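Now for the letters of each chain:
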Amino acid sequence: MAAAVLKFCHFVTDFEGPAGARPWSEHMGLFDRFFKKDPAEDLRRAKEQLAAGRPVDALNLANRLRDGGPAELQSEAEELCQQAHDQILQGALRRAEEAEEAGLFEEAADWARTALEHAADDQQAEKLEALAKSLEARSAEAPGDRDQDLMDRPGGDDEDEEDLFWSQVAMLEEEVAERYEGRSNRFRRAVVALAAGRKEEAEAAFTELLEQDRGDAVLHFERGRCRLLGGELEAAREDLEVAWEGLGDAPLDSAGSLSVPALWGEAMLGLERYDEMLERLEPLADAESGDEQLILLYGQALMASERAQPAADLLAASLASGIAGSPEIPRHLALALDSLGQRSQAVAVLEASIAPSCATGQCAKPPKHLPSFRLLAKLLLDEGGEAEVDRAGDLLEQMDRVLGGRSGAIDQRLMARYYQLSGDPEAAAEAQERARELEEQGLEEVAASDRPKLQVTQRRPI
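Residues numbered from 1 in each chain as written. Predicted model: local features only at pLDDT ≥ 70, side-chain atom pairs only at ≥ 80, totals over all residues. Heavy atoms only, no water.

Visitor: Any chance you could break down the overall build of the protein for me, citing the residues and the numbers?
Guide: Broken down by element type, the protein carries 25 helices and zero strands. Evaluated residue by residue, the protein yields a buried proportion of 47% over its 462 residues. (Helix = DSSP H or I, 4+ residues; strand = E, 2+ residues; numbered from the N terminus. Buried < 20%, exposed > 50% of the residue type's maximum accessible area, 1.4 Å probe, protein only.)

Visitor: If you had to explain helix α16 (residues 274-281) to someone new, which residues and values would you point to?
Guide: For an α-helix, 3.6 residues make a turn, and residues three or four places apart therefore share a direction. Along α16, the positions that sit buried rather than exposed are Met-277, Leu-278 and Leu-281. Down the axis of α16, the smallest arc covering the buried residues is 95 degrees, so these residues share one side. In α16, those exposed residues whose orientation departs by more than 90 degrees from the buried face are Asp-275 and Glu-279. Each element contacted by the buried residues of α16 is listed here: α14 (233-247), α15 (260-271) and α17 (292-304). (Arc of directions from axis to C-beta. Contact = heavy atoms within 4.5 Å.)

Visitor: Tell me about the environment of Phe-187, residues and numbers included.
Guide: As for its placement among the helices and strands, Phe-187 is situated in helix α11 (residues 185-195). Here Phe-187 falls in the buried class, since its relative accessible area comes to 1%. Each C-alpha atom, one on Phe-187 and one on Phe-165, is 9.6 Å from the other, the two residues being 22 residues apart in sequence. Residues in contact with Phe-187, not counting those within four places in the same chain, are Phe-165, Tyr-180, Phe-206, Leu-209, Val-218 and Leu-219.

Visitor: Account for the pattern of salt bridges, with residues named and values stated.
Guide: With the rule as written, the count across this model stands at 34 salt bridges. Its salt-bridge partner being Arg-198, residue Glu-201 comes within 2.7 Å of it at the nearest N-O pair. Of the charged contacts in the structure, one is a salt bridge between Glu-222 and Arg-225, with a shortest N-O distance of 3.1 Å. In this pair, Glu-222 and Arg-225 both sit in helix α13 (residues 217-229), three residues apart, roughly one turn of the helix. A relative accessible area of 2% places Glu-222 in the buried class. (Salt bridge = Lys/Arg side-chain N within 4 Å of Asp/Glu carboxyl O.)

Visitor: I'd like a description of unusual backbone geometry, backed by residues and values.
Guide: Of note, Glu-272 is a non-glycine position whose phi angle comes to about 60 degrees, a positive value. Here Glu-272 lies in the loop between α15 and α16.

Visitor: Just give me the short version of the packing of aromatic side chains, but keep the residues and values in it.
Guide: Counted under the stated rule, the structure contains six aromatic pairs. For the pair Phe-187 and Phe-206, a centre-to-centre distance of 5.9 Å together with 65 degrees between the ring planes defines the contact as edge-to-face. Remark: Phe-206 occurs in helix α12 (residues 199-210) and Phe-187 occurs in helix α11; sequence separation between them is 19 residues. With respect to burial, Phe-187 and Phe-206 carry one shared label: buried. (Phe/Tyr/Trp six-rings, centres within 6.5 Å; stacked < 30°, edge-to-face > 60°.)

Visitor: Lay out the packing of α17 against helix α19 (residues 328-339) in plain terms, naming residues and giving numbers.
Guide: Relative orientation of the contacting elements α17 and α19 amounts to 15 degrees, with a least axis distance of 10 Å. Here α17 lies roughly parallel to α19, going by the angle between them. For the pair α17 and α19, the sense of crossing is left-handed. Packed against α17, whose contacting residues are Glu-292, Ile-295, Leu-296, Gln-300 and Met-303, the element α19 presents Glu-328, Ile-329, His-332, Leu-335, Ala-336 and Ser-339 at the interface. A breakdown of the residues in the contact of α17 with α19 according to their chemical character gives six nonpolar, three polar and two charged. (Axes fitted to C-alpha atoms, helices over the stretch in contact; angles between N-to-C directions. Parallel < 35°, antiparallel > 145°, perpendicular 65-115°, else oblique. Left-handed = near helix turned anticlockwise from the far one by under 90°. Nonpolar A, V, L, I, M, F, W, Y, C, P; charged D, E, K, R; others polar.)

What follows is the structure, encoded as structure tokens:
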């Protein structure tokens, strides 16, 4: 498997420059061939994902088949892409309507913008653009963000809290959501408090409720989340083990981003109990399972226990499956490859899957994932060649524009290395001093504020 990754990485680097630009989904179609994946099987899986209500996963698979699969399957894959776009669009519009009815106009506008990304034609796009602008205008006219109001005070209006509670429950799978129905007002306020970031208040409420029913899996799950956020790793692990027994292995939300095993794994990773974690999660950390968070945590545990090759194999297989949408998967694959002494392949993975604009010579496009851009810049500086250093400089300049000059210590240290390698020791010393000042202020890393709801970056062709 590792050999296939290396062949793929060498292949991608051949396409640097605008003349060689190809869609990432086409690169992934070629990646499939290296992994000897069956395109017909991928098409069947895409149909299953769509029928199961997972259009994002279906779209990722169908895009690859349409752009890089066998010619005889491309027409069917294109039709499947259209169906997936439609399902995502309709789902986003339903969420927008629910948010609007609850008075959450900013959230409703976000969902309308998500729907816009999947518009079938210009006419539909214009209508969705108008809807989003209308909701944004209503949000600006509102007396204040109701969610923020609740975050800023100990208690809120009962009607507001009710709306916020049900907006949280609406994200869960139906059978899980049923376990949140019929709960006390105390429970509902605790869920809203946790969503608003008031974890101490929420934990106290869940603890009080557990005194009445110590075996309630939902209460243990919610308190485990509070404790995990508060850094109480051992206590969180204990709660999540009880929750795991009652709620099972499967993701709890419709987006597949919230599962008890993954949260338990996060606690175990923080406790550095890698062997126990790997043993228990091994049956669930299947590269094609679709649980990206679980796969990522498992890969991190392999890396932490100095098993870089199995980590690289797992993450590469996840990337090849087409299910992985998180940019953290390729980033950690690059880290694993670099630790194995395969830096050029690590660079190729990042350029192809996280920063395709740079892979095609168009670094002026905004970075999609700043941690990956930072890693890519670091690896290029580690390579040390003139061309690599120049490309690293382009990346650092672009990140600085995205952050509006609010760089952290990590960015200044990278700039210092860039200036040093570029033959400007005075600028390097200034950047190093700035890094020291930012570190003293606790500003190690600054993140961009965007937070996409769906990990789909390719818009439907119009």
